[in-house]
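Residues per chain are reported as follows:
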Amino acid sequence: MSKKINTKLSKLIKYYNLINYNLVFNNKEIIRYKKKELASESTIEKSLNNLSQEISEIRGCKLKDNASKQVFSDGNSKSKIMIIGEGPGANEDKEGLPFVGRAGQLLDKMLDAINLNRSNVYITNVVNYRPPENRKPTDVEVKRYLPFLKKHISIIRPKIILLLGSTAMNAILENSDVISKMRGKWHEVIIEKSKIFTIVSFHPAYLLRQPDQKKFSWEDLKKIRDKIKNLNIKIEKN
Ligand code: URA
């Protein structure tokens, strides 16, 4: 091959490399590329364990000092659907898992109504320790836990987030709106450069107190079902 053609060819290869065009020609590169894009399960699990450890090292927090256990999460860490509640109650504090009490049972029913369950969604709370007497977490407490929650979201990398109740809504959407005004609308939230479709709905504990509001909750759930379809999100069946 002449020197001229060689130079041209090497420039072309350089260019293809720059635009990742070599992926088309090289199987191995495609695999390597995918590996970089999708964090492997063990990487996710490791990051989650590290995050849980970081949370356990929080100092000077009344919630943590009064709680018996950290309530980190439940569900499938590979899920593209993340659900965020407020904070653990007495049952959750005892079991170390979110949404295991009456509100949790209702949440399970709500998920089931749109063919979801705990094995194909990922569930956590704004705060990871039970507020005494089931009070709402204070603004200071929410502020303290928010960086951990954002880190949690960036590890899971969901495509959809369901915010249950005003504490989760105010924390993630950084607003002080009332839930009745905000529920059922999609918001695009950017966390770590990823766009996440986020919707607010009533907290199941509220629905237990106000069952006539369930009709609105059902409207919101249907929107999530449609969004899963539109975004072509694969739901693992079990
Ligand atoms: N309410 C919440 O917000 N989270 C739980 O885990 C349980 C009840």
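The paragraphs below set out a description of the structure included in this document. (Residues numbered from 1 in each chain as written. Predicted model: local features only at pLDDT ≥ 70, side-chain atom pairs only at ≥ 80, totals over all residues. Heavy atoms only, no water.)

A closer look at the environment of Phe 216
Condition: Each helix is a run of DSSP H or I of at least 4 residues and each strand a run of E of at least 2, with the numbering of both proceeding from the N terminus. Type-normalised accessible area, obtained with a 1.4 Å probe on protein chains alone, sets the label of each residue: buried when under 20%, exposed when over 50%, and partly exposed for intermediate values. Contact criterion: two residues are considered in contact whenever any of their non-hydrogen atoms come within 4.5 Å of each other.
Along the chain, Phe 216 turns up in helix H12 (residues 214-230). Residue class for Phe 216 comes out partly exposed when judged on its relative accessible area of 31%. On a C-alpha basis, the gap between Phe 216 and Ser 180 in space is 9.6 Å, while along the polypeptide they are 36 residues apart. Among residues more than four places away in sequence, those in contact with Phe 216 are Arg 183 and Phe 202.

Some details on the packing of aromatic side chains
Using the following cut-off: Stacked, tilted and edge-to-face pairs are distinguished by plane angle, under 30 degrees for stacked and over 60 for edge-to-face with tilted covering the rest, among Phe, Tyr and Trp rings (Trp via its six-membered ring) whose centres lie within 6.5 Å. Lysine and arginine charges are scored as sitting over a ring when NZ or CZ, respectively, is within 6 Å of the ring centre and within 35 degrees of the ring normal.
Throughout the structure, instances matching the rule amount to three aromatic pairs. A centroid spacing of 6.4 Å and a plane angle of 65° characterise the contact between Tyr 129 and Tyr 145, whose relative ring orientation is edge-to-face. Here Tyr 129, found in the loop between strand S3 (122-125) and helix H8 (139-156), pairs with Tyr 145, found in helix H8; they are 16 residues apart in sequence, far enough to count as distant. Residue classification places Tyr 129 among the buried positions, given a relative accessible area of 5%. Under the relative-accessibility criterion, Tyr 145 is labelled buried at 0%. Judged by centre distance (5.0 Å) and plane angle (40°), the ring pair of Phe 202 and Tyr 206 falls under tilted. One aromatic cluster is present, built from ring pairs that chain together Tyr 129, Tyr 145 and Phe 148. The residue whose ring lies beneath Lys 227 is Trp 186, and the NZ or CZ to ring-centre distance is 4.9 Å.

Here's the deal with the site of the ligand
We count it as follows: Near is defined per residue: the residue qualifies when any heavy atom it owns lies within 4 Å of the molecule or strand. As used in this structure description, the phrase polar contact means that two N or O atoms lie within 3.5 Å; if the pair is within protein, one of them must be able to donate a hydrogen and the other to accept it, and residues adjacent in sequence are counted only when both atoms belong to side chains. The Shrake-Rupley method, run with a 1.4 Å probe, gives the accessible areas here. Residue values count only the displayed protein chains as cover. Gly is put with the polar residues, along with every residue not named as nonpolar or charged; the nonpolar set is Ala, Val, Leu, Ile, Met, Phe, Trp, Tyr, Cys and Pro, and the charged set is Asp, Glu, Lys and Arg.
Around the ligand, the neighbouring residues are Gly 85, Glu 86, Gly 87, Glu 92, Pro 98, Phe 99, Asn 125 and His 203. One nitrogen or oxygen atom from the main chain of Glu 86 is found 2.7 Å from an oxygen atom belonging to the ligand. At a separation of 2.8 Å, a nitrogen atom of the ligand approaches a polar side-chain atom of Asn 125. In the complex, 91% of the free accessible area of the ligand, which totals 240 Å², lies under the protein chains. A breakdown of the residues in the shell around the ligand according to their chemical character gives two nonpolar, four polar and two charged.

Considering the environment of Ile 156
Among the structural elements, Ile 156 can be located in helix H8. With 74 residues separating them along the chain, Ile 156 and Met 82 place their C-alpha atoms 8.0 Å apart. Sequence-distant contacts of Ile 156, that is, excluding residues within four places in its chain, are made with Ile 44, Leu 48, Ser 77, Ser 79, Lys 80, Met 82 and Tyr 122.

Notes on the pairing of S3
Here is the rule: Two strands make a pair as long as DSSP finds a minimum of two bridges between them.
Side chains Tyr 122 and Thr 124 of S3 all project onto a buried face; the interleaved residues Ile 123 and Asn 125 project onto the opposite face, where all are buried too. Here two bridges tie strand S1 (residues 74-75) to S3, and the two strands are oriented antiparallel to one another. Within S3, the residue paired with Asp 74 across the bridge is Ile 123. Inspection of the sheet shows strand S2 (residues 81-85) paired to S3 by four bridges, in the parallel sense. Along S3, the bridge assignment pairs Gly 85 with Asn 125.

Taken by themselves, the reported measurements are silent on function.
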